[in-house]
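Chain residues, written in single-letter form:
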Amino acid sequence: MAQQVPDLSNAIVAQDEMGRPFIIVRDQGKKQRKHGIEATKSHILAARSVASIVKTSLGPRGLDKILISQDGDITITNDGATILTQMDLDNEIAKLLVELSRSQDDEIGDGTTGVVVIAGALLDQALELIEKGIHPIKIANGFDEACKIAVEHLDSIADTISISSESKDTNLLKAAKTSLGSKVVSKAHDHFAQMAVDAVLAVADFERKDVDFELIKMEKKVGGPIEDSSLIRGVLLDKDFSHPQMPKIVKDCKIAILTCPFEPPKPKTKHKLDISTVEEFKVLQEYEQKKFQEMIDLVKASGANVVACQWGFDDEANHLLLANGLNAIRWIGGSELELLAIATNGRIVPRFEDLTADKLGTAGVIRELEFGTTRDRMLVIEDCSNTKAVTCFIRGSNEMIAAEGIRALHDSICVVRNLIRDSRVVYGGGAAELTCSLAVTDAADKQKGIDQYAFRAFAAALDTIPMTLAENSGLDPIETLSALKAKQVNENSSHLGVDCLGKGTNDMKELFVIDPLIGKKQQLLLATQLTRMILKINDVIISGKDEY
Amino acid sequence: MSFSTQTPTIVVLKEGTDSSQGKGQILSNINACLAIQDTLRPTLGPFGSDILIVSSNGKTTISNDGATILKLLDIVHPAAKMLVDISRAQDAEVGDGTTSVTILAGEFLKEAKTFIDDGMSSHLIIKGLRRANELAIQKIKDIAVQIKREDGFEFRQLLEKCATTAMSSKLISKNSTFFTKMVVDAVLSLDQEDLDEKLIGIKKVPGGGMEDSLFVDGVAFKKTFSYAGFEQQPKQFNNPKIVNLNVELELKAEKENAEVRVEQVKDYQAIVDAEWQIIFNKLEAIANTGANIVLSKLPIGDLATQYFADRNIFCAGRVSSEDMDRVIKAVGGNIQSTCSNINPEDIGTCATFEEAQIGGERYNLFKGCPQAKTCTLVLRGGAEQVIAEVERSLHDAIMIVKRAVSHSEVVAGGGAIEMELSKYLRDYAKTVAGKQQLIITAYAKALEIIPRQLCENAGLDGIELLNKLRSSHAKGELWYGIDFQKESIGNNMKNFIWEPSLVKINALSSATEAATLLLSVDETIKNDDSQDGGAAGGSARGRGAF
């Protein structure tokens, strides 16, 4: 009698003394299981396919991807982290790669595509070694050692560039340009680079070598060419003055920043007021009137000429404000209010009684911007007493370009910040990877045992970056790579990279294509770490989706 | 053929109750445990691999930790569940060796299976296993090496070595020098009397390399939700005064569901003022204590935030209670449930306070605490799963170091102690007459699974190395075990592959206990879930234990 034996490869199955299988693990029929080398191989294949998606976005000639979300929203980008996050991957290993690029994004903000490409290449190389019969963990150990050598080598070749707090600092500008090179905004290259440098320098704390990103705000508005984007040394509010008749420009502003509504104060406790007579009603009305007048008086007394309020106020208050020559902005969000307070050196005031002259914020000018024919208005608050708050205002002919502009600017701001934190740089265009690859290959011959293979594989994986760059730029990858390698060795120079833009020289130092050292180091470390994690898995158990 | 010849079935148990019994039951239980053992085996040792588990709600876990894997496997078989329980018990008791305990228990059962097949009474086997276990534990105690605690440096070395061994099988093995220092610092910073590892806070921040992880000799927690005005507060203090509250600082109704009846319009303002007065009194009382930092478990509203900002006070509301407990342990003082009567002794302090950016998050760091009986490990890593696994590995290492602090006896790992015990038991068995001899020998053989599996996972020739080990132990080399560096055997005591003896003792006794318990079970009676009714029970009947 043939017994009904479930698929033994799928689940953990045991048999009793009669050879009949029985269940040990809940829902075991629905669980999928992959085991041993097969599991490792399938992981590598998954990672490879993810890496190959972002591969074509690498470098200044990298291409963009269109991503359409479930709701039909369209994103066009070539930012690795954004592409991967929006792809909504299902495979577990692919998800790991997404997190990898995201953590590069969080930490460094740039090089999110490169890290995935390196990780993919490392896994690719590992696959060959596994097929040769080398234990996956030994490969991972070898990669770790090789990565150490590569990172040490990066330290030794890094150049320190001088940076200063001047906005014309050419080094910072050029670095910002490098990171913008691959983005859609490259036609407004100089403009954006200058914006990024100015924004960071405005908020940077050179003593602590720290840059607080919360002080840099990004706003976008569709319409107008991307060159119209500008850096506002102050705050931009997506609001307008509460009354259309208020003047559109206020100069020498004294701003009262309020978190209480323009209405008679209410107790928080539940309350009830019984009105039984007409007299009482009148008293109440008078009371309210009086309260409004009191508020206005208090504001006036403090010397303010602009009121910024977190809450709204009704028409009566609005009218009174206008009549008293006070400009008012209502419904400002909490974080914007805070930013406004910081920028104008004002204090946030919780009730009218606390308003005094020294709690007011000061700004040179507040003006209402009007855009095209859409009647969209925004308020610009400039010449603030504290310059440590800036807003990058991005324009673009459509939503996608504006959004991509923000991402591009964010990347270059990150690069500038990283340089302020650590002014050591290595050269881009694959130069850094190439020289590391050479260093690791050298070290490989000195290794005893199996690590030699892993070292060579690591070096080969590093070569993928210049190769991909060459490929994306329409050059012959292998020819370019071998030519460059020979040149680097012959000239003993670590700053020769792929000439993606056809500038006629391979010297990246001359072209000033630089990357912050910490960013490159991070890429290698993260990619190696992830490779180890994936190589170490040899058993996958996936619970089936509940069918009920 | 006729009805009269058929004896009517006597129903003793409720319909749908599944029962199976006898020798078959014991065997099928053993089989179930072996299947579990099989799953765990590849994860043992420094070359053990990881298992990726995706739970039914889509959460991914990548782990090498026996207890974690077993917990996530969602095992329903009653006998197999026993293995989950012992690995969990090992986790709770010593924190490490959760894989080995499961493998050992499985191996004991496997050896016992042949005897059961041959018809030996399970009670005899149990007796033999217990006897062998006692002997083995006694032997560990006899040969364990005592480390002198007096020499602070040497003691630290010991702790670091134990931590390194515990980490050797994990993802972080390559960074073990970095992490052992962290772990040992963490454990030594605790109160040496009760060593409550809960006071070691572990915070996870994705991003950065693993070596970007931080050790904070104090407390660190993520920036809490803040209201407008927070950014205007100072973010750095030296020797701050810290007030810890359990008070909501917010303009709000003092009593829920209370209603005020306002009789006259002029009373209206009075009530509003009264409410303001209540909150201002609270804030003033706090400011009067001279505090620089105000922490509260409950929300601190925007009014209070701005009030503090005006007075150069830093505040954080909604601090989770674990963080708060650790802050108290670190900076001293007490949690106040009211704002009045805050005495100077209730106010804590520390050397420096700072809000710093760690990766994408902002953290509040309290450093250099006078009563630092606590510390925080801020872990970094490329992906969430990486950090989660680092955390588990560190937990194991912390538990091991903790055990080593309280019991400073060590044995050599890498299969050395198991081989020595195995040799000892084999020798002993020859002096015993009767069936016990067989069982003790079987126990001795089962112990060899540890070095054998270590070899197998590393891709080494297990049979050859095992024979080498046997012969060297026979020559009296106490601490010879597998040496992965040379892919051969070596003296693991000299190679500093050390484990606290307590871990081994605990592993052996719980594995033996689990094995004996399973062997003594010869019947399972299972009540089916009432909603399934008899149908499911009927089909499952006779299928072993389910």
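Residues numbered from 1 in each chain as written. Chains lettered and ligands numbered in written order. Predicted model: local features only at pLDDT ≥ 70, side-chain atom pairs only at ≥ 80, totals over all residues. Heavy atoms only, no water.

Chemist: Could you clarify how one ought to interpret the overall build of chain A in this entry?
Modeler: Helix and strand counts for chain A stand at 16 helices and 22 strands. Its C-alpha atoms give chain A a radius of gyration of 31 Å, clearly above 24 Å, the size a compact globule of 548 residues would have. C-alpha atoms of chain A, sized along the principal axes, occupy 95 × 75 × 40 Å. Within chain A, buried positions represent 56% of all 548 residues. (Helix = DSSP H or I, 4+ residues; strand = E, 2+ residues; numbered from the N terminus. Rg over C-alpha atoms; globule rule 2.2 N^0.38 Å. Buried < 20%, exposed > 50% of the residue type's maximum accessible area, 1.4 Å probe, protein only.)

Chemist: I'm lost on the pattern of salt bridges in this one. Help?
Modeler: A side chain with one charge may pair with a side chain of the opposite charge, provided their charged atoms come close. Summed over all chains, the structure comprises 43 salt bridges over all chains. A salt bridge links Arg532(A) to Asp144(A); the nearest nitrogen and oxygen atoms lie 3.0 Å apart. A residue pair is termed long-range when its members are at least 10 positions apart, and Arg532(A) in helix α16 (residues 517-536) and Asp144(A) in helix α5 (residues 136-157) qualify at 388 residues. By relative accessible area, Arg532(A) is classed as buried at 3%. With its nearest N and O atoms 2.8 Å apart, the salt bridge here joins Arg426(B) to Glu448(B). Highlighted residues: Arg426(B) in helix α12 (residues 416-429) and Glu448(B) in the loop between α13 (435-447) and α14 (449-458), separated in sequence by 22 residues. (Salt bridge = Lys/Arg side-chain N within 4 Å of Asp/Glu carboxyl O.)

Chemist: Is there a simple way to think about the sheet that holds strand β15 (residues 352-358) of chain B in this case?
Modeler: Residues and elements named next belong to chain B. If you trace the 4 strands from one edge of the open sheet to the other, you get β7-β16-β15-β8, paired in antiparallel fashion. Only two strands of the sheet have a single partner each, and these edge strands are β7 (218-222) and β8 (236-238). The average undirected angle you get between the axes of adjacent strands in this sheet is 25°. Across 5 bridges, the pairing between β7 and strand β16 (residues 361-367) is antiparallel. Its bridge partner lying in β16, Val-219 is registered against Phe-366. Sheet contacts for helix α10 (residues 321-331): β7 and β16; angle to β7, the most-contacted strand, approximately 150°. (Pairing = 2+ DSSP bridges. Axes fitted to C-alpha atoms, helices over the stretch in contact; angles between N-to-C directions. Contact = heavy atoms within 4.5 Å.)

Chemist: Help me understand empty space enclosed by the protein in this model?
Modeler: Here the idea is plain: a probe the size of a water molecule rolls over the atoms and shows the empty space left. All names here are of chain B. Taken as a whole and assessed by the stated rule, the structure comprises 5 cavities of 30 Å³ or more. Roughly 90 Å³ of volume is contained in the largest cavity. Taken as a whole, the second largest cavity holds about 60 Å³ of empty space. What lines the second largest cavity is Ser-100, Leu-104, Ile-140, Ile-417, Glu-418, Leu-421, Leu-447, Ile-450, Lys-504, Ala-507 and Leu-508. Broken down by secondary-structure element, the contributors of at least two residues to the lining of the second largest cavity are α4 (98-117), α12 and α16 (501-520). (1 Å grid on protein atoms, 1.4 Å probe; cavity = no way out; pocket = protein on both sides within 12 Å on 5 of 7 lines; lining within 4 Å. Points joined across faces, edges and corners; volume = space filled by probe spheres on them.)

Chemist: I would appreciate a short explanation of the pairing of β15(B) in the present structure.
Modeler: Consecutive side chains along a regular strand alternate between the two faces of the sheet. Residue and element names in this part refer to chain B. Taken together, the 3 bridges between β8 and β15 define a ladder with antiparallel strand orientation. Bridge assignment links Asn-238 to a residue of β15, and that residue is Thr-352. The sheet contact formed by β15 and β16 spans 7 bridges and is antiparallel. Within β16, the residue paired with Phe-353 across the bridge is Phe-366.

Chemist: Got a minute to help me understand the sheet that holds strand β5 (residues 200-206) of chain B in this structure?
Modeler: Hydrogen bonds between backbone atoms are what pair the strands of a sheet, whose relative direction is either parallel or antiparallel. Residue and element names in this part refer to chain B. Taken in spatial order, the 3 strands line up as β5-β17-β6 in an open sheet, and their pairing is mixed. With one partner strand each, in any of the chains shown, β5 and β6 (214-216) form the two edges of the open sheet. Recorded for the sheet is a direction-independent mean angle of 20° between the axes of neighbouring strands. In the packing of helix α7 (residues 176-188) onto the sheet, the strands contacted are β5, β6 and β17 (375-381), and the crossing angle to β17 comes to about 160°.

Chemist: Would you take a moment to explain α7(B) for this structure?
Modeler: A turn of α-helix holds 3.6 residues, and therefore any two residues three or four places apart point the same way. All names here are of chain B. Helix length check: α7 (13 residues) gives 18 Å between terminal C-alpha atoms against 18 Å at 1.5 Å per residue, within 8%. Listing the buried residues of α7 in full gives Ser-176, Phe-179, Thr-180, Met-182, Val-183, Val-184, Asp-185, Ala-186 and Val-187. Along its buried surface, α7 packs onto α6 (152-167), β5, β6, β17 and α11 (384-406). (Expected span 1.5 Å × (residues − 1).)

Chemist: Is there a simple way to think about the packing of helix α12 (residues 431-446) of chain A against helix α14 (residues 477-491) of chain A in this case?
Modeler: Packed helix pairs are specified by the crossing angle of their axes together with the interaxial distance, meaning the distance between the axes. Residues and elements named next belong to chain A. It is at 10 Å that the axes of α12 and α14 come closest, and there the two elements cross at 70°. On the basis of their axis angle, the class for α12 and α14 is roughly perpendicular. Crossing of α12 over α14 shows right-handed handedness. In this structure, α12 contributes Ala-431, Leu-434, Thr-435, Ser-437 and Leu-438 to the contact, and α14 contributes Leu-481, Leu-484, Lys-485, Gln-488 and Val-489. Residues belonging to the contact of α12 with α14 are distributed by class as follows: 6 nonpolar, 3 polar and 1 charged. (Parallel < 35°, antiparallel > 145°, perpendicular 65-115°, else oblique. Left-handed = near helix turned anticlockwise from the far one by under 90°. Nonpolar A, V, L, I, M, F, W, Y, C, P; charged D, E, K, R; others polar.)

Chemist: Sorry, what's going on with the confidence of the model for chain A here?
Modeler: Parts of the model with low pLDDT should not have their predicted coordinates read in detail. Averaged over every residue, the pLDDT of chain A is 82; residues scoring 70 or more account for 91%. Counted against residues more than four places away or in other chains, residues 1-12 of chain A, with its pLDDT under 50, gives 17 contacts. (pLDDT = per-residue confidence, 0-100.)

Chemist: Can you help me understand the side chain of His135(A) in this one?
Modeler: If you trace the backbone, His135(A) turns up in the loop between α4 (112-132) and α5. Here His135(A) is in contact with Phe47(B), Asn457(B), Ala458(B) and Gly459(B), once residues within four sequence places are set aside.

Chemist: Would you explain a nonpolar patch on the surface in this entry?
Modeler: Together, Ile66(A), Ile68(A) and Ile74(A) give the surface a local cluster of nonpolar side chains, amounting to about 310 Å² of exposed area. Here Ile66(A) is to be found in strand β4 (residues 65-68). (Patch = residues over 30% accessible without salt bridge, like charges linked within 9 Å, V, L, I, M, F, W, Y side chains within 5 Å. Areas by Shrake-Rupley, 256 points an atom, 1.4 Å probe, with all protein chains shown as cover.)

Chemist: What's the story with the environment of Val411(B) in this structure? I'm lost.
Modeler: Residue and element names in this part refer to chain B. Tracing the backbone through its elements, the reader meets Val-411 in strand β18 (residues 409-412). We classify Val-411 as buried; its relative accessible area is 0%. Considered as a pair, Val-411 and Leu-502 are 91 residues apart in the sequence and their alpha carbons are 9.2 Å apart. Those residues in contact with Val-411 that lie beyond four places of it in its chain are Ile-140, Ala-144, Ile-417, Trp-479, Met-493, Ile-497, Trp-498, Glu-499, Ser-501 and Lys-504.

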